[in-house]
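Descriptive analysis of the structure
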Amino acid sequence: MSEISDHPAGRTLLCVEDNPANLKLIKLFVAGYPDMRLLAAVNGNDGIRIARASRPEVILMDINLPDISGFKALEILRSDPATAHIPVIALSANAMPLNIESGLEAGFFRYLTKPLKADEFKEALNVALERAGRNPSGAVLRSS
């Protein structure tokens, strides 16, 4: 596990991405979230392990990883009660409508295409964080 953000832990975002340039870009985007801790994994199996251990609010998942596909990693995460509720946003260079549709049908919360655009990334992350702050009944969880 590598923590690539020096922000204090408030919320956690796990990025499963094997391309260092894409990770660097995501780190820049996440810098706008002062209470966000960014964790990174460079393959699907490490991403699953980190997700189970750290229980992030949101996961960004590259589709084409060196060990297992993002689709397979999503399937494993969805089958585990500890991670099944976490919104997973797909990241992919495959931008054809059929690719996007397949990703959403597989259960990805959103499907973002590379190169990532800051406004699309932030909108998807904000919606996913809002969802992560709700319990299964839809009620907003508040800390006391």
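See above for the structure.
Calculation notes
- Residues numbered from 1 in each chain as written.
- Predicted model: local features only at pLDDT ≥ 70, side-chain atom pairs only at ≥ 80, totals over all residues.
- Heavy atoms only, no water.
- Salt bridge = Lys/Arg side-chain N within 4 Å of Asp/Glu carboxyl O.
- Helix = DSSP H or I, 4+ residues; strand = E, 2+ residues; numbered from the N terminus.
- Buried < 20%, exposed > 50% of the residue type's maximum accessible area, 1.4 Å probe, protein only.
- Arc of directions from axis to C-beta.
- Contact = heavy atoms within 4.5 Å.
- Polar contact = N/O pair within 3.5 Å; in protein donor to acceptor, adjacent residues only side chain to side chain.
- Pairing = 2+ DSSP bridges.
- Phe/Tyr/Trp six-rings, centres within 6.5 Å; stacked < 30°, edge-to-face > 60°.

This structure, assessed with the given rule, holds six salt bridges. D35 is paired through a salt bridge with R11; the nearest N and O atoms lie 2.8 Å apart. Here D35, found in the loop between α1 (20-30) and β3 (36-41), pairs with R11, found in strand β2 (residues 11-16); they are 24 residues apart in sequence, far enough to count as distant. D62 serves as the salt-bridge partner of K114, at 3.1 Å between the closest nitrogen and oxygen.

All of the buried residues in helix α2 (residues 44-54) are G44, G47, I48, I50, A51 and S54. Buried residues of α2, viewed axially, fall in a sector of 170°; they line one side. Packed against the buried residues of α2 are β2, β3, β4 (58-62) and α3 (70-79). Two to three positions downstream of the cap, the backbone nitrogen of N45 sits 3.2 Å from a side-chain oxygen, assigning the N-cap of α2 to N43.

On to the pairing of β3, then. Burial analysis of β3 places five of its six residues in the buried class, which makes it a mostly covered element. Both β2 and β3 contribute to a ladder of six bridges, which runs parallel. Considered in β3, the bridge of C15 is made with A40.

Turning our attention to the packing of aromatic side chains. For the coordinates displayed, the defined rule picks out two aromatic pairs. Centroid distance F29 to F121: 5.2 Å. Interplanar angle 40°. Geometry classified as tilted. Within this pair, whereas F29 is found in helix α1, its partner F121 is found in helix α5 (residues 118-132), the two being separated by 92 residues in sequence. One exposure class covers both F29 and F121, and it is buried. With centroids separated by 5.5 Å and ring planes inclined at 80°, the aromatic side chains of F71 and F108 adopt a geometry described as edge-to-face. Of this pair, F71 sits in helix α3 while F108 sits in the loop between α4 (97-106) and β6 (110-113), placing them 37 residues apart in sequence. Assessed through its relative accessible area of 31%, F71 is described here as partly exposed. Note on F108: relative accessible area 3%, which makes it buried.

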